[in-house]
Number of protein chains: 2
Amino acid sequence: MTQKAKEYYRDNPQFYVAVDCIIFAFENDELQVLLQQRNFEPFRGEKTLLGGFLQDEESLEEAAQRVLHFHTGLTNIYMEQVGTFSALDRDPGARVISTAYYALINKNLYDSALLKEYDGEWVSTDHLPNIHFDHTKMIEQARELLRRKISFSPVGFNLLPPSFTLAQLQRLYEVILGQEIDKRNFRKRVSEMQFIEKTGEIDKVSSRRGASLFQFNMEKYNLIHEFKLK
Amino acid sequence: MTQKAKEYYRDNPQFYVAVDCIIFAFENDELQVLLQQRNFEPFRGEKTLLGGFLQDEESLEEAAQRVLHFHTGLTNIYMEQVGTFSALDRDPGARVISTAYYALINKNLYDSALLKEYDGEWVSTDHLPNIHFDHTKMIEQARELLRRKISFSPVGFNLLPPSFTLAQLQRLYEVILGQEIDKRNFRKRVSEMQFIEKTGEIDKVSSRRGASLFQFNMEKYNLIHEFKLK
DNA sequence: AATGATGAGTGTATTTTTTACACTTTTTAC
DNA sequence: GTAAAAAGTGTAAAAAATACACTCATCATT
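Just so it is clear, the model here is predicted, and its values are computed rather than measured.

What to know about the interface of chain B and chain A
Counting residues at the interface gives 39 residues for chain B and 39 residues for chain A. In total, chain B and chain A occlude about 3400 Å² of area from one another, counting both sides; carbon and sulfur atoms represent 59% of this. One can count 0 salt bridges joining chain B with chain A. Viewed at the interface, chain A and chain B are joined by 16 residue pairs in polar contact (both at pLDDT 80 or more).

Below you can see the structure in the form of C-alpha cells.
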C-alpha cells in the first residue's frame, strides 16, 4: 500500500467494538431473555445483556456466536442482527460501538449449569427489570424484529423443542404476537404447511387425552420456502 | 474508574469504524443510487458507495448525516440503518467495521454541483456496475429493506418532489416493488389516505390534459399514523 | 363403575380485502 | 377536425381472514 493509502486509514480514530446478545427462550407462556447480574467491574451489580468485545480475527457474527456458545454451550444458534448502537455516552466507561444480535434457543437443550458461573438469569420480556446501558432498547428492538419475522419465516421453531404440540406452537405465536389466536383458524393454517408434520408420537404430559406431537421438517420447507402463520 | 475496570476495556483491540451511505433517488422511472468513482488511494479507479470514518465525537447516525450533507448539500435527510458489515477481508487495506445506512433524497433538491468535486455518479439499481468492497451487498440489502418498508410507511415521498402527480407516485411504487400496479386500485387506496391531498395545482408538463398535483401532509399523517399502499 | 374436569380435535358461514377489468375526458400537435 | 396521449373514474368476482361451538379421549375423584 502506498504511503497515501496508509494515511487514509491512520488519520482516523479507532474504537472498541462489542456484540450484545439478546438470547430469547420460551417457557411458562412467556418470551424470556437471558440477562447477567454483573459481579465484576465496571458496573458491578447492574443487569446487562450478555456481550463481549470484538477480537481481531473474527467477524461480528463470529463474535456473537462465541458469546452465545460461551453462555449456553450451544453452537450454530439461530441469530439475526438487530442493529448497531453508537451513542457517545452509551457506555460511560469508554466509547464502545455495539452491534446487537438476537438469538433463539430452546431452554431444554442448553447447558443451564453455566448460568451460575456468570450469574445468568432468565426474565420475562413483559416485565423487564432495570437494565444497564442501552440494553433495554436493544431488547425492545429485537422483540419487535422477531414479532415481524415470525409470521413469514419459520424461525419460531428454534424456541420450541424438536417435537411440540399444536397448543404449544399456538401459545408461542400468541405470546410473541401479543394477541389471542383462534384455535381452528390456527390449525387450519398449520395443516396447509406440509413441512409441519406429525411425528406419530403422542404427548401425554400436557393433557389427559394426549396431543399429537409435530416437528418442523427443514428439508421439506427448503423445497417450498413459503411460510405464513397468523 | 478502578484499575480493574480500565483493564476491562484496554485488554481489547480497537477498530476503524466507518459508515457507508446508500443514497437513493428516483428519476427516469428508475431507482438510482449515488456512487463515487474514486480518484484517490486506496482503490483508486474503483466505484464505491459514499462513506466516511466514524470520528470521536459523533454517533454513527451523525457520521452518516455528515457524509450525506457533504455529498448532497442537504441536511436532515431521511435515513435508515441497514446493517453492520464486518468480514475480515471486506476492506483489504485495513480492518474496518462498516455500518450501512440508506438515505432517500429528491434529485431536484440536492446540490448537483457537488458531484464533480468527488466524481459522483448516479446509476440505476437495476444494472449495477462492478462496485468495490461489499458495497453491492449493502445496496441489495438496502433495496430490499426499502421495498418492505414502502408499503407500510410513507417514506417514498422523500424520493419525490414536494408536489407530484398520482402517475409519478404509482411509477415510484411499481419500480421499487418491481411489479405493475392497477391504476384504479392504486388510486382508490390513495384516496382513502386523507394525508395525500390535492394541492389545487395542475401539472401541465407530463400530459396534454394536465394532472392534479398532490402533496404528502405530514401533520395529518401524524394524527392518523396508518399507511398502506399496495 | 359412574361422573366430572381438562385439553384435543374438527368445518362452515360471513365478512373483509384484494384483484380484475374498459371506457370517457381533456388537451395538444398535426 | 382529428388523431394521439395520459388523466380520471366504479363495479363485480375472487380470495383471504375471521367468527363461531360442539364432541372426543383420558384421568382423577367419588
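Let's talk about unusual backbone geometry
For the peptide bond that leads from Glu41 of chain A to Pro42 of chain A, omega is -5 degrees, which places it in the cis range. Phi at His225 of chain A takes a positive value of approximately 60 degrees, unusual for a residue other than glycine. Tracing the chain through its elements places His225 of chain A in the segment after α7 (218-224). Relative accessible area serves as the criterion here: at 52%, His225 of chain A is assigned to the exposed category. A positive phi angle, close to 70 degrees, is found at Lys230 of chain B, a residue other than glycine. Residue classification places Lys230 of chain B among the partly exposed residues on the basis of a relative accessible area of 35%.

Quick word on the protein's contact with DNA strand C
Taken together, 22 residues are adjacent to DNA strand C, and Lys183, Arg208 and Arg209 of chain A together with Arg209 and Lys228 of chain B come closest. Put simply, 38% of the atoms of DNA strand C that lie within 4 Å of the protein are in sugar or phosphate. Here the surface near DNA strand C is built from residues that sort into 2 nonpolar, 5 polar and 15 charged.

Description of the packing of aromatic side chains
All names here are of chain B. Counted under the stated rule, the structure contains 36 aromatic pairs over all chains. Measuring from ring centre to ring centre gives 5.9 Å for Tyr16 and Phe53, while their planes differ by 65 degrees; the resulting arrangement is edge-to-face. Residue Tyr16 is found in strand β1 (residues 16-27), and its partner Phe53 is found in strand β4 (residues 50-53); the two are separated by 37 residues along the sequence. Judged by centre distance (6.4 Å) and plane angle (55 degrees), the rings of Tyr78 and Tyr102 are tilted. On the criterion of sequence distance, the pair formed by Tyr78 in strand β5 (residues 78-85) and Tyr102 in strand β6 (residues 96-104) is long-range, its members being 24 residues apart.

So, a positive patch on the surface
On the surface, Lys183, Arg184, Arg187 and Lys188 of chain A cluster together to form a positively charged patch. Classification of Arg187 of chain A as partly exposed rests on a relative accessible area of 37%.

So, the packing of helix α4 (residues 135-150) of chain A against helix α5 (residues 166-177) of chain A
Residue and element names in this part refer to chain A. In contact at an axis separation of 9 Å, α4 and α5 are set at 130 degrees when each is read in the N-to-C sense. The pairing of α4 with α5 is recorded here as oblique in orientation. Seen from above, α4 lies across α5 with left-handed handedness. Contacts between α4 and α5 involve Arg143, Leu146, Arg147 and Ile150 from the former and Tyr173, Val175, Ile176 and Leu177 from the latter. Tallied by class, the residues present in the contact of α4 with α5 amount to 6 nonpolar, no polar and 2 charged.

Observations regarding the nonpolar core
Ile23 and Trp122 of chain A together with Ile23, Ile105 and Trp122 of chain B are the most contacted members of the largest nonpolar core, which has 51 residues in total. Sorting the residues of this core by element identifies β1 (16-27), α2 (60-72), β6 (96-104) and α3 (115-118) of chain A together with β1, α2 (60-72), β6 and α3 (115-118) of chain B as the ones contributing at least two each. Contact partners of Ile23 of chain B, with chain neighbours within four places excluded, come to Gln32, Val33, Leu34, Leu50, Leu68, Thr72, Ala103, Ile105 and Trp122 of chain B.

Remarks on the protein's contact with DNA strand D
Close to DNA strand D lie 23 residues; Asn185, Arg208 and Arg209 of chain A together with Lys183 and Arg209 of chain B are nearest. Those atoms of DNA strand D that come within 4 Å of the protein belong to sugar or phosphate at a rate of 38%. At 3.0 Å, a backbone N or O of Ser212 of chain B approaches a phosphate oxygen of DNA strand D. Of all elements in the fold, only α6 (183-192) of chain A together with α6 (183-192) and β10 (211-216) of chain B reach the threshold of two or more residues within the surface near DNA strand D. Looking at the surface near DNA strand D, the element that brings in the most residues is α6 of chain B, giving 5 residues.

Considerations on the pattern of salt bridges
Should the charged atoms of two oppositely charged side chains come close, the side chains can pair. All names here are of chain A. Evaluation of the coordinates by the stated rule reveals 26 salt bridges over all chains. For the salt bridge of Asp20 with Arg90, the shortest nitrogen-to-oxygen distance reads 3.8 Å. Here Asp20 is found in strand β1, whereas its partner Arg90 is found in the loop between β5 (78-85) and β6, with 70 residues between them in sequence. No difference in accessibility class separates Asp20 from Arg90, as the two residues are buried.

What to know about the confidence of the model for chain A
Put simply, chain A has an average pLDDT of 97, and 100% of its residues get 70 or more. No element of chain A has a lower mean pLDDT than helix α1 (residues 3-10) of chain A, at 87, and none a higher one than β6 of chain A, at 99.

Regarding the sheet that holds strand β9 (residues 196-203) of chain B
Strand pairing in a sheet relies on backbone hydrogen bonds, with the paired strands running either antiparallel or parallel. Residues and elements named next belong to chain B. Spatially, β8-β10-β9 is the arrangement adopted by the 3 strands of the open sheet, whose pairing is antiparallel. Pairing within the sheet leaves two strands with one partner each, and these edge strands are β8 (163-164) and β9. Where β8 lies against β10, 2 bridges are found, and the strand directions are antiparallel. Its bridge partner being in β10, Ser163 is matched across the sheet by Gln215.

Here is what the cut-offs are and how they apply
Residues numbered from 1 in each chain as written. Chains lettered and ligands numbered in written order. Predicted model: local features only at pLDDT ≥ 70, side-chain atom pairs only at ≥ 80, totals over all residues. Heavy atoms only, no water. Contact = heavy atoms within 4.5 Å. Buried area = accessible area lost by both parts, 1.4 Å probe. Salt bridge = Lys/Arg side-chain N within 4 Å of Asp/Glu carboxyl O. Polar contact = N/O pair within 3.5 Å; in protein donor to acceptor, adjacent residues only side chain to side chain. Helix = DSSP H or I, 4+ residues; strand = E, 2+ residues; numbered from the N terminus. Buried < 20%, exposed > 50% of the residue type's maximum accessible area, 1.4 Å probe, protein only. Near = heavy atom within 4 Å. Nonpolar A, V, L, I, M, F, W, Y, C, P; charged D, E, K, R; others polar. Phe/Tyr/Trp six-rings, centres within 6.5 Å; stacked < 30°, edge-to-face > 60°. Patch = residues over 30% accessible without salt bridge, like charges linked within 9 Å, V, L, I, M, F, W, Y side chains within 5 Å. Areas by Shrake-Rupley, 256 points an atom, 1.4 Å probe, with all protein chains shown as cover. Lys, Arg positive; Asp, Glu negative; His and termini not counted. Charge placed at Lys NZ, Arg CZ, Asp CG, Glu CD. Axes fitted to C-alpha atoms, helices over the stretch in contact; angles between N-to-C directions. Parallel < 35°, antiparallel > 145°, perpendicular 65-115°, else oblique. Left-handed = near helix turned anticlockwise from the far one by under 90°. Core = buried A, V, L, I, M, F, W, Y, C linked by side-chain atoms within 4.5 Å. pLDDT = per-residue confidence, 0-100. Pairing = 2+ DSSP bridges.

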